[in-house]
Structure formats: C-alpha cells, structure tokens
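This is what each chain is made of:
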Amino acid sequence: MRERKRLYFVNWPLVFVVIALLAFGLLMVRSATTGITGSSGMLRRQMLGIAVGLIPLAIAWRLDYRMFKGAHVPLMVLNAVLILAPRIPGIGVTAKGATSWIVLFGQQFQPSELAKIVTILALASIIERYKGSIEDVWDVVKLVGVLLIPFGLILTQPDLGTGLVFLAIGAGMMLVGGLKAKWFAIAGLIAVLLVGSVLLLDPVLDRRAGRDVLLKDYQMDRLLVFVDETRDPQNSGHNLRQSKIAIGSGELTGKGLGSGTQGNLRFLPEAETDFIFAVLGEELGFTGASLLLGLYLALLMVALDIASRSRDMFGSLVVVGVISMWTFQILENIGMTVGLMPITGIPLPFMSFGSSFMVANLTAVGMLLSVWSRRVGT
Amino acid sequence: MLEQNERLRPRLLVLGALFVGVLLLLLVRLWTMQVIGGAEYVAQAEQNRIREVTLIAPRGRILDRNGAVLVDNRATKVVLAERSLLDDGVALKRLSDLLGIPTTAIESRILSSPDVAYASHVVMTDASDGVVAYISEHPDLFPNISVEARTVRTYPNGTLAAHVLGYTGTISSEELESEGFIDYNPGDIVGKSGAESQFETVLQGDRGVRTIEVDAVGRLRRVIDSVDPEPGRDVRLTIDIGVQKVAEEALSEAFSAAAGLGYPQADAGAAVAIDIQTGEVLALASAPTFNPEQFIGGISSEDWDAITAKGSGYPLTNRAISSGYAPASTFKAFVGLAGLESGYASSGKSWTCEGSWVKMGTQWKKMCWKHSGHGSVGFERGIAESCDVVFYEIGYDFYRSGEEKLQEYLRTWGYGSRTGIDLPGEISGRVPDAAWKKEFNANYPEYQRWLPGDTVNMSIGQGDVLATPLQIAVTYAGIANDGKVLVPHVFKDVLSENGKTVIESEVKEGATPEFDQGNLDLVQRALRRVVTNGTASSAFRSMDVASAGKTGTAQVAGKEDFALYVGYAPYEDPKYCVAVVIEQGGGGGAVASSAARKVLSALLGLDTGYVSTGVDYSR
C-alpha cells in the first residue's frame, strides 16, 4: 500500500521524457566529441553532471516547494549574490569574454544558471500574492523592477543570452499570473523601441565617441549576423554558415550517428555545446530533429499538465517559470543554429554539454516533481 | 479541481499554444533546410571536406639517338607566393630578407609571370632546405607563401642543342583555351619551343588525382581515392650528341676564323647535318644560342628582354629552320639542273666569261665574282668554279622564254616550301616570281614589274630568293640520293619502360623532282669537282673520304658577305649531308666549308677526337 502511494507521487511521463532526453543528449555529446582529444573525458563529465544534478533534483522533489512562498526578499538577495559571485576575486573566472564562472573545490560553475531557478521561485512568490490578476500600475512597475535587477546584473557579465532567458521567464509567469494583455502590448512596444534605438544609435554614438559605447562592435555583428551572414564572416557568420551546412546536409534521414562530416572534421564550432543541435541535424537528419522536437513537446505537455493540477497558484507559477525558461532556450538555441535567431551562447536543455546547465535543468525537474507530488487530491 | 486552476487554464493554453507555435516554426524551418534544400547543403558540406590534389606526372626525358640524356628531370623545392602578398609590405619584406631577393624582384616575378591570373606564382626555384624549413615552420609569418616539391627540367649538357630541345614554361591562358591543351590545368608546365613543344603529348604523361578528406584546419584526414600519375614517355631524337657538339664547335671556330680573316662581325649562323638515306637530323646547330635553364621556374623579365630585344642577336631563333638566307652559289646546282632539263645547258655547251656580262644592256652590267673572267667555261667547270656568267646566261634564257619554268622547277625540289621537319617554327623560304613581286610591292607600283634582272639574280641564288640552311641540306641530300628528297626529322622513337619501341619514325619522301638521270649525274660530277679542283678544294684538301659540295657567298645589303657551304659524303655512297651558313663570315665560303668539313669528318669517323658516341658513321 505504501509502495503504491509512493509510485503515485512520481509523474512517470515526466521521468520517462527526461530520461529519453538525457539519453539522447549523451548520445549526441558522444558523437560530437569523438575525434577531439579527451573526448571520453567529456562524455564522462557530462554523465557526472547528470549524476550531480540528481542530488538537487531529489532535494527539490522531497522539499515542499511551498516553503519558498513569501521568501522573495531573501531569494532576491541570493539571486544577486549568485550573479555577482564571478566578480569575487579568487573564485571568479572569465571565459569567452564573460565573467560568468566561479571555481569551487576545483570545479567550475556558472552560478547564473542556478539564478534562473531562484528567480523563478522569487517571481512566483511575488506574483502569487496578486491572486491571478495584476492590474495596478505600481504592481507592474514593481514586478518589472524585480525582473530587471537580475537582468541588468547579468548584462554586466556580459551575457545577453542568459539575460534574455530571465526576461522570457518573467514574461511567461506574468502572462499566467494575470498580467493584462495591454501591459504586454506596452512592454512589447517598449522592447521594440529600446532594441531598435540601441541598434540604430550604437553606430552613431560609437562614431561620435570614437570607441564602443553601448555595444561592442563584435556583439553588434553577432546579434545581427543571422540576418546577414556577411556581417561577421570570420567568426559568428562562419559558425552560422557551418551550422546551417551541417543541418541542411543531414537531409531527411541524416548521415548516420558518428558519421557527420561537419562535426567530426571540426568544421562545426562548439559542436558539443551551443551547436549540439547541428550535430544532431547532420547525423540524424530531419527525422532525428523531429524526434527531439517531439520529446520537447511531450516534456512541455507534461509540465503544462502539472501546472494545471497544482495545489496552489504558487506551484503553477513555478512550473510556468520552468516552462517559459525551457521554451525560450529551445527556441533560441535551435533558432540560432538554423539562422532564425541571433547567435547567443544559450545551450539546449538536456542536450548540450555543460554541468551547471544540466544541474539547473535537473533541479527544475525536481521542482516539477515536487509540485506534482503535492497536487490536488493527494 | 480548485477554482483558481480553472482561471489559470486558458492562460496555460496560451502558453502551450506559444510553445507549439515555436516548435512548428522550427519544424518548418528544418523541413525547408533539410528536405527541400538539403542537396545544396550536402554539396557545400562536401566542398568543405573534399580536396582534389593534382599529382603531376614527371615529364618524359629527351634522349639523343644513342640514349644519352639531353633533357632530364630533377626534384626541387619552389617557393610560391599569392598575389595578395604584394598588399602586405611587411610580409613581402620578410620574404625578401629570407630569400635574399630584392622586394622589387619578387614583385616583378609575381606580376610578370605569364600566369598572372592564377593564385600562386613561383618566386624562387631551388629553395634551400633552410628556407623551406623556415617557411614551413612559421606559417603565421608567411601567410601567403607556400613551398612545393616539384620536378623541373635539367640540362646535363648545358646549352647543347638548345634550339632542338626547346624549353618549357607554365601554360599560358591562350594555350589553356586552345584545342591542343584540353586536358590541361592552370599552372601546368608545357613545352614552349623545340622538341619540348613538338612532342608535348608524348612527354607530358597523365596527371594523377588524389581525392582527400581534410578537416577544418586543412589537415589531411584520409585519402579517399588516388589515381597515380602516368609518367610521360622518353623521346629519343635522331640527334647525335657527339656530332651536335662538333657542329656547335665548328660554328664558333668559324666565327673566330672569320674574325682572323677580317670579318669580326661574324657571330651568327647555323649548321645542319642529316642522314641522306633516312632524313634523320644528326645535328642542328644555331648560333647564338640560349640557356634553357633560364626558363626553369619562369624566366625573369630582365632575362627575357636580354634574349629577345633588338641587338640581342635573337638567340631564341633557330636559324637552321627559321631564318631565310640567300642560298647564293649553292643554288647553282639546281639552276644548272633546271637549265639542263630545259635545254638551256648541256654537258657539251660552253659559255664565255669575260668577268662581266652586259646582255641586258650596258647600264645593267653584271659582274662575275672573278673579275678577270673564266674564259671559255663548260657546265662542270661553271659549277666547280662557280662562274656567275654561266648562270646569268641560263637565267636570262629562262627569262626570255616568257614563262616561269625556272621557278616551277626549283619548287619541285622543295624550295619555297617547308621541308616538313618535326620542329615548330620552320619557315618556307621563298622562290620569287612575278605574282609574288606584284603582291610584295603592292604599295610601290613602280617596283611591281618582274624584270630580267630578277630572274638573272635568282639564278645565282641572290635577289629575292630565300632558303633555310635545312632546306639547302635537304635538297642537296636529294641530289646525293639520286633525286629522292626525304622529309627531315629529329624524332627517332619512343621507348616503353622495358625498352621496347612504342612509336618509331619512318622514312618519308618529300619533294618529288623530275630529272633526267644523265643530267643529275652531271651535276653530281660537277659538285665533286668543286671539292677536287674548284672553290672548296683547299678546304677539303687531303680528306680521306671523297665528298662533293658547293660553296656560296651571299651578298646582304648593309652587311658583310655571308659564307655558305653544303656538301655530302662519301661521294660514291652518299650517307651524310651538311649545310653551314656563317652570317658575315666573308666571301668565298671559306669559313663555312671548313666548318662543314669538320662536321662531315665527325660523321665519317675521321676525326674521332670529337665523336664520343662510339658509333661509326663511316660504314
């Protein structure tokens, strides 16, 4: 009897989908890293990342998520600490132009990954209090302010991609939390105006100041290269080209696992991390890509189901935050590899090589399980 | 179900719809890229990883008739630079310092190379190991520069037979577009002149192709497919290295001899030796000569100017086949034969030479070279002592006949037409006639009429008649060969790897003259008398083998007289015919006949000091 009850606590579809995604991801990391020195080490590190991630998953699952309800102030503080940690001398590490990593116990982490989870909890705590309807202007301003703190801090690293994930999380949670459509329209308008004026003003200001003012030139090129590959033909333009060649040349059924020439011969940059989808597209073709998208669809359907059956608003909002995070990351990562989105260093959930990212996503799965096990009717 | 969850449901549906929209967007994009546009990306992916490397086939060697190597191959390292190097002053200076070549020289090598259109240009051949290692180890310092292993031509005998052998060079864009070079690629080395050009298809061989897979930084990952090159075949020429050496020495000795006789301008000429029975060319010398080594890796523009400019003496010209000379008195054998055939001369007929000749009128007085006169002269002595008056008479008879029988007859022996030798650049010479003169002087109406003097001048091989040294040799070989004129050739055969003959030259008949055997015998006797009692008797004194021949002195406006000699031996059983022209070598043909004797002696094994091949030509 007791055994049955415990099984009832587990959302098996979620577990199966996540296992399938993890297995798929390991397969692709293995394929993407064959031929590079220390490739077996990378696969082992990825498996280790999964193993380590299972600990916070289990903790998040067993912990009652409701304990974070009302804890938004300490959560916000924790958030700022996490994002600013890489700036602490001695443990902070700068790589690829971004101060996003810290080293603890000889291991490198990206605390901003964990900050996404903390942000989800903090926002859920605040939005939950509006009982499903956010109408007051000041409430909106407050929420946007709460969101802009981690966003602004992340931008200083600078890591625009991760910053955008925070905005996507906020947007999804506010949508479900009851923010009226007009506010979305206003926010959208402001965003468009802001982005547009930065893109238009930056070259003018740069020229007048004689140096990079708002954005560095390479950032600008990277942002716009998906519109025009020739903007940065050496670096991101080249990467994008090679990524599109890899995916396109996969055709319907792919070149076969481990037989992708673009990946194996290293024409494809960052094959095991940001461009892992290109490896998949090349080796498994449209069929494999569709299979992955199908798995993501299943994951999100399960998550939506969990959100709709949460015991309370807080639980629903936490799940919605996770859904929004994943949705944006999938859109941005795959969109980038096929030239639909700007090139930002956002990895693909459960697929890309990278332990911090894996740990954060598995923690999110733990939170989903926690909400599920305490749902209505249990 | 809680009430709040009911309120959330539509919003969650919006979220779900957004998500499904994202997935659909991605799916559509993937479909267009992978399924609709896949083939194009496959091609691009292949282009990324597949490289085709040309494996250059070693060029066939060129050998002399006994297998001695005239042109060989050797391995070398060349330094190539891309044209973009010129935009990078620092790298250009660095390369200049490394190679020890001024930057201006590197610039001119890149810009002046005939293959300007292509990416890489040879800036240095025979790079030292140190240079090769330094460039290979510092790709960052030399971004537009590469080192390649190549085989280039080498000439074990230096400039020997340079005009016959010719030289090689990078294929030009015009050649690439022409039909003869269909299978060629930019940058290929092809024959540009001489045998290198003539036998290009045999020498070239077939390129190999290696298809390789490379990674993103261009490293070889594996060989996908490899077709080995088929080396070009060795071509054996009829040239005899020993005789060729003697012929070239004979030319330079003739220049010194001429200088000793008061003709210091003598510095150019040609000597030809052919096998009378087969038409094989045993020696073909032309002076001044050039060094084919200069063309390896592309000739510099200074060097090119030095051998092509006015005043250079045009060493690239093969005077034996590409220069037309007045055949002078060597022509008398054929004019005489024409006279015999037409009845204007006969063995019994005699003429009176008083040193001058005024039959065309006193204002058109013409002199015999012997101003004191030959007195009463018969046909044989007329040739032996080269009496001009005899041939003025014969020529004037032809003129008065009102026809162009003389020209027609001369042409039947091959004058005015190419001999058909298998070397590029042969000219046809000229047998002038009324039609030619009219056309030649199209802009000068007053000079268009054919005059009696034109025929008379032609009769002593002067005026507008032109012949190449080879033509003179071939026609005299025809006389020696009882009227059978053969096509001369330098190609002997092509041997396969195991030494078997693959392609062989054959004896081919050329011009087909008509003559009475008695008349030909008379001319032969007359030519023999030139050597025994005539104008060449001193040059051929006490030679062990009987020979026949004819001297010549060509008068050239504004220059000293050109000396000519053509002869064959042995007289009774003719084997070899030699013709020599020494520009500005002086009158009487003395220097030319001495040179011809030297070559004939070498051929007959009389002067073994020069013949190193061990072949006995006196058989």
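Residues numbered from 1 in each chain as written. Chains lettered and ligands numbered in written order. Predicted model: local features only at pLDDT ≥ 70, side-chain atom pairs only at ≥ 80, totals over all residues. Heavy atoms only, no water.

1. Examining the overall build of chain A
Each helix and strand counted, chain A has 14 helices and three strands in total. When the 378 residues of chain A are sorted by exposure, 56% land in the buried category. Sequence separation of at least 24 residues holds for 70% of the intrachain contacts in chain A that already meet a minimum separation of 6. Accessible surface computed for chain A: about 16000 Å², of which carbon and sulfur atoms make up 68%. (Helix = DSSP H or I, 4+ residues; strand = E, 2+ residues; numbered from the N terminus. Buried < 20%, exposed > 50% of the residue type's maximum accessible area, 1.4 Å probe, protein only. Contact = heavy atoms within 4.5 Å. Areas by Shrake-Rupley, 256 points an atom, 1.4 Å probe, with all protein chains shown as cover.)

2. Re the pattern of salt bridges
Two side chains with opposite charge may pair up if their charged atoms get near one another. All names here are of chain B. If you walk through the whole model with that rule in mind, you get 35 salt bridges over all chains. The shortest N-O distance in the salt bridge between Glu 393 and Lys 359 comes to 2.7 Å. One end of the pair, Glu 393, is in helix α15 (residues 388-400); the other, Lys 359, is in the loop between β14 (356-357) and β15 (366-367), and 34 residues separate them in sequence. Connected through salt bridges with shared partners, the residues Glu 46, Arg 49, Glu 213 and Arg 222 form a single ionic network. (Salt bridge = Lys/Arg side-chain N within 4 Å of Asp/Glu carboxyl O.)

3. Let's talk about the interface of chain A and chain B
On the chain B side, the residues contacting the 57 residues of chain A number 38 residues. Summing both partners gives a buried area of about 3900 Å² for chain A against chain B, and 72% of it is carried by carbon and sulfur. Put simply, chain A and chain B have zero salt bridges between them. Those elements that place two or more of their residues in the side of chain A that touches chain B are α7 (160-177), α10 (236-249), α11 (261-264), α12 (276-308) and α13 (313-337) of chain A. At 14 residues, the largest contribution of residues to the side of chain A that touches chain B is made by α12(A). The residue makeup of the side of chain A that touches chain B, split by class, is 26 nonpolar, 22 polar and nine charged. (Buried area = accessible area lost by both parts, 1.4 Å probe. Nonpolar A, V, L, I, M, F, W, Y, C, P; charged D, E, K, R; others polar.)

4. What to know about a negative patch on the surface
Taken together, the side chains of B:Asp183, B:Asp206, B:Glu230 and B:Glu497 make up a negatively charged region of the molecular surface. Structurally, B:Glu230 can be placed in the loop between β9 (220-227) and β10 (235-237). (Patch = residues over 30% accessible without salt bridge, like charges linked within 9 Å, V, L, I, M, F, W, Y side chains within 5 Å. Lys, Arg positive; Asp, Glu negative; His and termini not counted. Charge placed at Lys NZ, Arg CZ, Asp CG, Glu CD.)

5. Digging into the sheet that holds strand β2 (residues 98-104) of chain A
Within a beta sheet, neighbouring strands are joined by backbone hydrogen bonds and run either parallel or antiparallel to one another. All names here are of chain A. Taken in spatial order, the three strands of this open sheet run β1-β2-β3, and their pairing is antiparallel. Two strands in the sheet have a free side with no partner beyond their single neighbour: β1 (92-95) and β3 (107-109). Put simply, the sheet's adjacent strands are angled 40° from each other on average, direction ignored. Two elements, β1 and β2, share three bridges in a ladder whose sense is antiparallel. By the bridge assignment, Val 93 is partnered in β2 with Trp 101. (Pairing = 2+ DSSP bridges. Axes fitted to C-alpha atoms, helices over the stretch in contact; angles between N-to-C directions.)

6. Focus on the sheet that holds strand β20 (residues 562-569) of chain B
Residues and elements named next belong to chain B. Spatially, five strands are ordered β12-β11-β21-β20-β19 in an open sheet, and the strand pairing comes out antiparallel. Looking along the sheet, the strands with just one partner apiece sit at the ends: β12 (281-287) and β19 (548-554). Sheet twist, expressed as the average angle between the axes of neighbouring strands with direction ignored, equals 5°. Most of the contacts of helix α19 (residues 469-480) go to strand β11 (residues 268-275), to which it runs at about 30°, and overall it touches β11, β12, β19, β20 and β21 (576-583). Of the strands in this sheet, β19 and β20 touch helix α20 (residues 517-532), which is tilted by about 70° from β19.

7. Quick notes on the side chain of A:Ser352
Looking at where A:Ser352 falls in the secondary structure, it is placed in the loop between α13 and α14 (355-373). In this structure A:Ser352 touches A:Gln46, A:Glu272, A:Thr273, A:Ile276 and A:Pro347, once residues within four positions along its chain are discounted.

8. Re helix α21 (residues 590-604) of chain B
All names here are of chain B. Between its terminal C-alpha atoms α21 stretches 21 Å, which fits the 21 Å expected from 15 residues at 1.5 Å a residue. Counting buried positions over the 15 residues of α21 gives 12, a clear majority of the element. Among all positions of α21, only Val 591, Ala 592, Ser 593, Ala 595, Ala 596, Lys 598, Val 599, Leu 600, Ser 601, Ala 602, Leu 603 and Leu 604 are buried. In the core, the buried residues of α21 are packed alongside α10 (241-260), β11, β12, β20 and β21. (Expected span 1.5 Å × (residues − 1).)

9. So, the nonpolar core
With 132 residues, the main nonpolar core has B:Leu237, B:Leu284 and B:Ile582 as its most contacted residues. The contact partners of B:Leu237, leaving out residues within four places of it in the chain, are B:Ile62, B:Leu63, B:Asp64, B:Arg65, B:Leu70, B:Val164, B:Leu165, B:Ala195, B:Phe199, B:Val490, B:Phe491 and B:Lys492. Listed in part, the 120 residues of the second largest apolar core include A:Phe24, A:Met28, A:Leu147 and A:Met341. (Core = buried A, V, L, I, M, F, W, Y, C linked by side-chain atoms within 4.5 Å.)

10. Topic: the pairing of strand β3 (residues 69-82) of chain B
Residue and element names in this part refer to chain B. Bridging between strand β2 (residues 62-63) and β3 involves two bridges; their strand directions are antiparallel. Considered in β3, the bridge of Leu 63 is made with Val 69. The pairing of β3 with strand β5 (residues 145-154) spans 10 bridges and is antiparallel. Paired with Val 79 across the bridge in β5 is Val 147. Here β3 pairs with strand β4 (residues 120-124) via four bridges, running antiparallel.

11. Some details on the confidence of the model for chain B
Residue and element names in this part refer to chain B. In this model, chain B carries a mean pLDDT of 89, and residues with pLDDT of at least 70 account for 95%. Low confidence marks residues 608-619, where pLDDT is under 50. Its contacts with residues over four positions away, or in another chain, come to 27 contacts. Note on the complex model: pTM 0.69, ipTM 0.91. (pLDDT = per-residue confidence, 0-100.)

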